[in-house]
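The residues making up each chain are set out below.
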2 protein chains.
Amino acid sequence: MTDSVVLTVPAVTAPLSPTARTTHKRARHHGVAERAALVDVLQSAKLCHMGVTVGGVPMVFPTAYGFDLDGPDRGGSIYLHGSVASRSLAPDSEICITITILDGLVLARSGFHHSMNYRSGIVVGSPRVVTDGDERVKALDLIVDQVVPGRSQHLRDHTRKEMAATVVLALPLYEASVKARAGGPGDDAADIGVETVWAGVVPASTHFGEPIPSEDLDSSVELPEHISTMV
Amino acid sequence: MTDSVVLTVPAVTAPLSPTARTTHKRARHHGVAERAALVDVLQSAKLCHMGVTVGGVPMVFPTAYGFDLDGPDRGGSIYLHGSVASRSLAPDSEICITITILDGLVLARSGFHHSMNYRSGIVVGSPRVVTDGDERVKALDLIVDQVVPGRSQHLRDHTRKEMAATVVLALPLYEASVKARAGGPGDDAADIGVETVWAGVVPASTHFGEPIPSEDLDSSVELPEHISTMV
């Protein structure tokens, strides 16, 4: 589905560096490029930040997520999970999911034009409590596979007890926007002539290191390919 | 200042992996260890996520930040900046600043016990618009130095025009909490005996790559130490 509408994000604060040039890619109707940018962001991160109103305060919590472009919600589904033991979200309250990938530090000649290169997706809506058993299992597998692609197929089935202890929420991938910045600093012309300050970009990325086996893992268990290929 | 109180974060959703063990470090009165954990989080990230209520929705935006433990606010100050041109925050509305550092992917034998190792700080309060000229300059320098430590001293002074175009907000580092998870997976005993699945931790960190000079940078300008030491 490429049908996606823009969520007009009010410029209460612009992301990362409001004073330098940023590209606001608006996801207009049938915006195929925007849809692709959103999917790129969804695929590239391990965690998201969820905004939820608690006692009138817009609280922000980091959390794991998964997504299914062919999920039953309009535009596809982003999945979140939580513990039944914790107070769960009212399914009719609006939440915001923001996913940010830092691509680089943009060092300009002036403080004013310092910035960051990044890709960020924002999805807003009222999440639905997933009740269908098959969708619940698929959602939980997708959340695991977001951490390590292909991981879920190597694991045992979820137990009844585990499923009963877990709340799964789905948020439509419909009201969404993508913002991104790429490229070098946008210095003032007057500063470029005065060459006493280095200017450019320091690339940033998430690095995965040498896997550390669990202390209780039998030494005969070798590192599988779905893990070795990601580091 | 080590005087810090806990913000009781309602368990609307637990961070990252609510179904696995997490340590909720509560910042009690004079909690020196908690204060140190919060400072560690503040020092370790390049960007934060800000929660702000827009039209009733708890919107979440990535943004740059700086901090000053000796700032004039209770507990010190976290600084944010924005453009005057964009609609600015009502200074009396409560916002949430969340900073998250991903330290590792925790791969368990079951999907249920998959988790992430992380450090996350949450600061809540009503931001103050910084009006004092000296504090404004210091705040903007701290925001630049959060991106690259020591950078601001190599830059020219901010111009009047730049200062006039910029809103600086300060949020007290007082109502704050820190959550973290470290260590290996917490598998069920029944799963540990069945050794067909690799379990352990894949370390994660932010990697900074080879700096890319700006296209308009004179080739005679060498990479300074404050940048070369961070990559």
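So, on to the interface of chain A and chain B. If you look at the interface, chain A gives 97 residues, while chain B gives 97 residues. In total, chain A and chain B occlude about 8300 Å² of area from one another, counting both sides; carbon and sulfur atoms represent 69% of this. For the interface between chain A and chain B, the tally reads 6 salt bridges. A:Asp188 is the partner of B:Arg156 in a salt bridge, and the nearest nitrogen-oxygen pair spans 3.8 Å. Our enumeration of links across chain A and chain B arrives at 23 residue pairs in polar contact (both at pLDDT 80 or more). The biggest single contributor to the side of chain A that touches chain B is strand S12 (residues 200-208) of chain A, with 9 residues. Its residues placed into classes, the side of chain A that touches chain B shows 56 nonpolar, 27 polar and 14 charged. Pairing of strand S13 (residues 212-213) of chain A with strand S12 (residues 200-208) of chain B, which is carried by 2 bridges, proceeds in the antiparallel orientation. When the bridges of S12(B) are listed, A:Ile212 appears paired with B:Val201.

The next point concerns the relation of the copies chain A and chain B. Under the fitted operation, chain A is carried onto chain B by 0.0 Å of movement along the axis and a turn of 180°, and the coordinates agree to an RMSD of 0.0 Å. These values place the two chain copies in the arrangement generated by a two-fold rotation axis. Here 100% of the interface residues in chain A have copies in chain B that are interface residues too; the copies meet face to matching face.

A word on the sheet that holds strand S10 (residues 166-172) of chain B. The strand order across the open sheet formed by 4 strands is S5-S6-S10-S9 (chain B), and the pairing between neighbours is antiparallel. Both outer strands of the open sheet, strand S5 (66-68) and strand S9 (128-129) of chain B, are each paired with one neighbouring strand and no more.

Take the nonpolar core next. Counting 62 residues, the largest nonpolar core has A:Tyr65, A:Ile97, A:Ile99, B:Tyr65, B:Ile97 and B:Ile99 as the members making the most contacts within it. Each residue touching A:Ile99, except ones within four places of it in the same chain, is listed here: A:Val41, A:Leu42, A:Ala45, A:Leu47, A:Cys48, A:Tyr65, A:Ile78, A:Arg119, A:Ser120 and A:Gly121.

Take the pairing of strand S3 (residues 48-54) of chain A next. Residue and element names in this part refer to chain A. A large share of S3 lies buried, amounting to 6 of its 7 residues. Here S3 folds back onto strand S4 (residues 57-63) in antiparallel fashion, the turn holding 2 residues, of which Gly55 has a positive phi close to 60°. By the bridge criterion, 3 bridges tie S3 to strand S7 (residues 95-107) in an arrangement that is antiparallel. Counted as the bridge partner of His49 is Thr98 from S7.

Scoring rules and cut-offs
- Residues numbered from 1 in each chain as written.
- Chains lettered and ligands numbered in written order.
- Predicted model: local features only at pLDDT ≥ 70, side-chain atom pairs only at ≥ 80, totals over all residues.
- Heavy atoms only, no water.
- Contact = heavy atoms within 4.5 Å.
- Buried area = accessible area lost by both parts, 1.4 Å probe.
- Salt bridge = Lys/Arg side-chain N within 4 Å of Asp/Glu carboxyl O.
- Polar contact = N/O pair within 3.5 Å; in protein donor to acceptor, adjacent residues only side chain to side chain.
- Helix = DSSP H or I, 4+ residues; strand = E, 2+ residues; numbered from the N terminus.
- Nonpolar A, V, L, I, M, F, W, Y, C, P; charged D, E, K, R; others polar.
- Pairing = 2+ DSSP bridges.
- Least-squares fit on C-alpha atoms with pLDDT ≥ 70 in both.
- Core = buried A, V, L, I, M, F, W, Y, C linked by side-chain atoms within 4.5 Å.
- Buried < 20%, exposed > 50% of the residue type's maximum accessible area, 1.4 Å probe, protein only.

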